[in-house]
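# Residue-level structural notes
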Amino acid sequence: MIKIGYLGPKGTFSQEATLRYIEERKIEDYEIYEYNGISDLIFAVDNKEIDEGVAPIENSLEGAVNVTLDILAADVNLMIKDEIVISIVQNLLIKKGTDPDKIQCIISHPQPIGQCRKFINSKYPNAHIKYVYSTAGAAEEVAQGDGSKAAIGSAIAANVYGLEMLEKGIQDSEINATRFAVIARNDSVRTGNDKTSIVFSTEDKPGSLYRILDIFNLWDINMTRIESRPAKNELGKYIFFIDLLGHKDDEDLKDALTMVKRKSSFYKFLGSYPIFA
Ligand SMILES: O=C(O)C(=O)C[C@]1(C(=O)O)C=C[C@@H](O)C=C1
């Protein structure tokens, strides 16, 4: 039996991604666990409370989910064993029967607030913005409120908390997708259609990042993502997250990673896993 966790409460996009993962990978024997924050979720995998955590890692409009990247790089020794991509439609949710003109506060997770920046600025430029841990948590708060608050979240959350969808599809672009990483204590075996994630930092010398990227060029390895985050020890120092096509057991990728490890001042392997089709 696999214990799978996600960012709750019910009605989050993380729940949708988790159900999609279970269906896609035909997982039959499982138990579901809900967490109030992404960090709680990842630490629950680390301390073996659960086996796998489905955590958002990047969104096509708002970019990286920093908390997921930072914890994977610095705080745990876990791996990505799978990925799921779902389309995200954001809606403005209000308490049923309340006056939309009375909205003074918009509540959501920071990612959806960022995904709906244009909508908020044009329609509710004076609203107070309140950040909470998840879209479903925001919906729950609106359901319990006096009608002065609106949440940004999914149609499922509207349903779960009995809210009205005042405006549908309010994200800045119709194309909006979030990639979730399935975080576990081990990664996955080679399927022939895989991706590999690593994080590293380079020495503070001219051309050091270039020399690492050139390894992928020489081995003809396709890079699908590069993201930098502060190294957190000094302003101007960074760590780099890179996704590559291939599996750690592919000869070329294995050789390339050995070289990267040698040329970097910090290196951590984050897992090989099947590409979400
Ligand atoms: O709040 C939720 O519904 C979540 O599942 C979190 C989260 C995120 O952190 O990116 C997941 C997908 C969407 O991009 C918006 C919010």
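Anyway, here's the lowdown on the structure attached to this text. Keep in mind that what you see is a predicted model, and the values were worked out from it rather than measured. Going along each chain's sequence as written, the residues are numbered from 1 onward. For this predicted model, a pLDDT threshold of at least 70 governs which residues receive local features, and a threshold of 80 or more governs which side-chain atom pairs are given and counted, while totals over whole chains, interfaces and linings are taken from all residues. Only hydrogens and water are set aside when side-chain values are computed; all heavy atoms of the structure are taken into account.

## Some details on the pairing of strand β2 (residues 30–35)
Pairing between strands requires that DSSP locate at least two bridges from one strand to the other. Only DSSP runs of H or I covering at least 4 residues are called helices, and only runs of E covering at least 2 are called strands; the numbering of each starts at the N terminus. Alignment of strand β1 (residues 2–7) against β2, held across 6 bridges, turns out to be parallel. Paired with glycine 5 across the strands is tyrosine 33, a residue of β2. For a crossover, the right-handed case is the one in which the path from the first strand over the helix to the second runs clockwise, viewed with the strands pointing away from the viewer. As for the winding sense of the linkage, the β-α-β connection from β1 through helix α1 (residues 13–24) to β2 is right-handed.

## Some details on the sheet that holds strand β12 (residues 194–201)
Pairing is antiparallel in the open sheet, where 4 strands are placed in the order β13-β14-β12-β15. Two strands in the sheet have a free side with no partner beyond their single neighbour: β13 (223–230) and β15 (266–274). Strand-to-strand twist across the sheet, computed as the mean angle between neighbouring axes with direction ignored, equals 15 degrees. Relative to strand β14 (residues 238–245), β12 is paired through 6 bridges, and the arrangement is antiparallel. Counterpart to valine 199 in the pairing with β14 is phenylalanine 241. Packing of helix α8 (residues 208–218) onto the sheet brings it into contact with β12, β13 and β14, and relative to β14 it is tilted by some 10 degrees. To define axes, lines are fitted to C-alpha atoms, for helices over the stretch in contact only, and angles between the resulting N-to-C directions are given on a 0 to 180 degree scale. In this analysis, two residues are considered to be in contact whenever any of their non-hydrogen atoms come within 4.5 Å of each other.

## Remarks on the sheet that holds strand β6 (residues 91–95)
Here 5 strands make up an open sheet; going across it, the order is β8-β7-β9-β6-β10 and the pairing mixed. In the strand order of this sheet, the two ends are held by β8 (128–131) and β10 (163–167), each with one partner. This sheet shows a mean twist of 35 degrees between the axes of neighbouring strands, independent of strand direction. Summarising the sheet, strand β7 (residues 105–108) and strand β9 (residues 149–153) pair through 3 bridges and their orientation is parallel. Looking across to β9, one finds that isoleucine 106 is bridged to alanine 150. The strands touched by helix α6 (residues 135–144) are β6, β7, β8, β9 and β10; relative to β9, the strand with the most contacts, the crossing angle is about 155 degrees.

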